[in-house]
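The residues making up each chain are set out below.
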Amino acid sequence: VGRAELHIPWAKLGSEPARVQLDRVLLIVAPQCEEALLPCEHERSFRAKQRRLDAHEARRALSCDAAAAPKPQRGFFSKLAAKLQENLQLDLTNVVIRYADSSFGRSPFSVSLALDSLKLRKLEVAGAAE
């Protein structure tokens, strides 16, 4: 990331969006080489993934049960974080996403996607961007 800016309108937090602007973003993506893992590391990695999956399923089951139950009172900071998240706008400029795969031996493969800008906005119920 070349430059990062965060604009939070503290005086008008409920009506104006908080903006995150990132410029010159470079994201490099590559596959994890399975042969590089030792058998014990592979087993440990599998168990960690299984635990994360189990935890996710448990949270999902709890959220389904919690939807029927009345919501507990939230504190000031949790309300503030929820309001920021609800009105968040993300602006990315000069973005390059590169996929590189060297598992093909002598002829490595890579592909890049360059974006001038990418803007993420909240949609209203009617589908129009705010």
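Here's what I pulled together on the structure shown here. (Residues numbered from 1 in each chain as written. Predicted model: local features only at pLDDT ≥ 70, side-chain atom pairs only at ≥ 80, totals over all residues. Heavy atoms only, no water.)

**Considering the overall build of the protein chain**
Line of reasoning, step 1. What the protein chain contains, in helices and strands, is two helices and four strands.
Line of reasoning, step 2. When the helices and strands of the protein chain are listed from N to C terminus, the series reads β-β-α-α-β-β.
Line of reasoning, step 3. Long-range pairs, those at least 24 residues apart, make up 55% of the contacts in the protein chain between residues at least 6 apart in sequence.
Line of reasoning, step 4. Working note: accessible area of the protein chain is about 10600 Å², and carbon and sulfur atoms make up 60% of it. (Helix = DSSP H or I, 4+ residues; strand = E, 2+ residues; numbered from the N terminus. Contact = heavy atoms within 4.5 Å. Areas by Shrake-Rupley, 256 points an atom, 1.4 Å probe, with all protein chains shown as cover.)

**Describing the side chain of aspartate 91**
Line of reasoning, step 1. Mapped onto the elements of the fold, aspartate 91 is located in strand β3 (residues 88–101).
Line of reasoning, step 2. The exposure class of aspartate 91 is buried, given its relative accessible area of 9%.
Line of reasoning, step 3. Of note is the side chain of aspartate 91, whose polar atom sits 2.6 Å from the side chain of arginine 121.
Line of reasoning, step 4. Filtering out sequence-adjacent residues up to four positions away, aspartate 91 remains in contact with Val20, Gln21, Leu22, Leu118, Lys119 and Arg121. (Buried < 20%, exposed > 50% of the residue type's maximum accessible area, 1.4 Å probe, protein only. Polar contact = N/O pair within 3.5 Å; in protein donor to acceptor, adjacent residues only side chain to side chain.)

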